[in-house]
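Each chain, letter by letter, is given below.
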Amino acid sequence: MTTVNPPAPALDETTLQELDDLLAALREREEEVPQWEFCDGFLTAVACTRRPIAIQEWLPMLLGDGTPLGHGALPLLEVFADAAQQERFVTLAQARLDEILRQLDRPTHSLEEADAFSPEVLDTKGAVLTMSAEEQAEIGDEPIPSLAQVWALGFMFAVENWADDWALPRDKEAAQMIDAAMELIVALTEDDTAKPAHNLYDEDGPASTSQQRIDAFGEAIWAVYDLRQAWRSLGPQQETIVKGAQPGRNDPCPCGSGKKFKKCCGA
């Protein structure tokens, strides 16, 4: 019997720590630079967006002023100290984006599978609860995010900034599926207010996360699969037909539903 080893993650513990350190250095230059968990949620939404989003577009949206950089070589964003620092971040972030795309496009029957999509999230509350009283006092009254909350906020940041690409299609069945999937992700942007039952940072630590939150997180992961597949099945949006131009009865409907015109808007 052949043993199949699980695929190595795109980012191991060493590179994840490197990313955290890199982003911390960027925050010394620009305090609004997000945590890696936010970036991972953002990249997941980029992977799920209806049209491919090039790095020249998503990089300045995540770490710049949102203005696309055009085609060709990437100019240096102000947030980076030098070209080498930007190149390293791009290399690591692109590796993670490629991994997300590969995992979402692979047939998956269980989230326990070795190559199933797994968002990079942290049980921050669980980590804080394992700290000493002195360390917790240093944090003070600063809000502590719930499990996957920062990841979901990163996802929705991308959705909101490419709203046209995330507009619901006219196809009712597809629209209902996409809307339902989005609700599961939006739910994670809210605080976990249920009774804590688990500590995902340290299984022996004080309870920090509710079972309801863990279940909601799992549902949101499946929702990401649904979103990726839904937009892929619909294909790119069709350009709006100018007034007076009429598609043929058997032509694709210009609304982008994927149906023939005679069975959609031309019915």
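Residues numbered from 1 in each chain as written. Predicted model: local features only at pLDDT ≥ 70, side-chain atom pairs only at ≥ 80, totals over all residues. Heavy atoms only, no water.

The protein chain goes by UPF0149 family protein in an unreviewed UniProt entry, where it is assigned to Comamonas nitrativorans.

A. Focus on helix 3 (residues 55-63). With nine of nine residues buried, helix 3 lies mostly within the body of the structure. All of the buried residues in helix 3 are Ile55, Gln56, Glu57, Trp58, Leu59, Pro60, Met61, Leu62 and Leu63. For helix 3, the elements touching its buried residues are helix 1 (13-29), helix 2 (36-48), helix 4 (83-105) and helix 7 (149-161). (Buried < 20%, exposed > 50% of the residue type's maximum accessible area, 1.4 Å probe, protein only. Helix = DSSP H or I, 4+ residues; strand = E, 2+ residues; numbered from the N terminus. Contact = heavy atoms within 4.5 Å.)

B. Quick look at the side chain of asparagine 199. Tracing the chain through its elements places asparagine 199 in the loop between helix 8 (172-187) and helix 9 (211-234). A distance of 2.9 Å separates a polar atom in the side chain of asparagine 199 from the backbone nitrogen of tyrosine 201. Contacts of asparagine 199, omitting those with residues within four sequence positions, involve Asp123, Gly126, Thr130, Gly205, Pro206, Ala207 and Ser208. (Polar contact = N/O pair within 3.5 Å; in protein donor to acceptor, adjacent residues only side chain to side chain.)

C. Summary view of the packing of aromatic side chains. Within this structure, the stated rule accounts for eight aromatic pairs. With centroids separated by 6.0 Å and ring planes inclined at 40 degrees, the aromatic side chains of phenylalanine 42 and phenylalanine 157 adopt a geometry described as tilted. Within this pair, whereas phenylalanine 42 is found in helix 2, its partner phenylalanine 157 is found in helix 7, the two being separated by 115 residues in sequence. Residue phenylalanine 42 is classed as buried on the basis of its relative accessible area of 0%. On the numbers, 6.0 Å between centres and 45 degrees between planes, the contact of phenylalanine 80 with phenylalanine 89 is tilted. Here phenylalanine 89 falls in the buried class, since its relative accessible area comes to 0%. Counting every residue linked through ring pairs, the aromatic cluster contains Phe38, Phe42, Phe157 and Trp162. (Phe/Tyr/Trp six-rings, centres within 6.5 Å; stacked < 30°, edge-to-face > 60°.)

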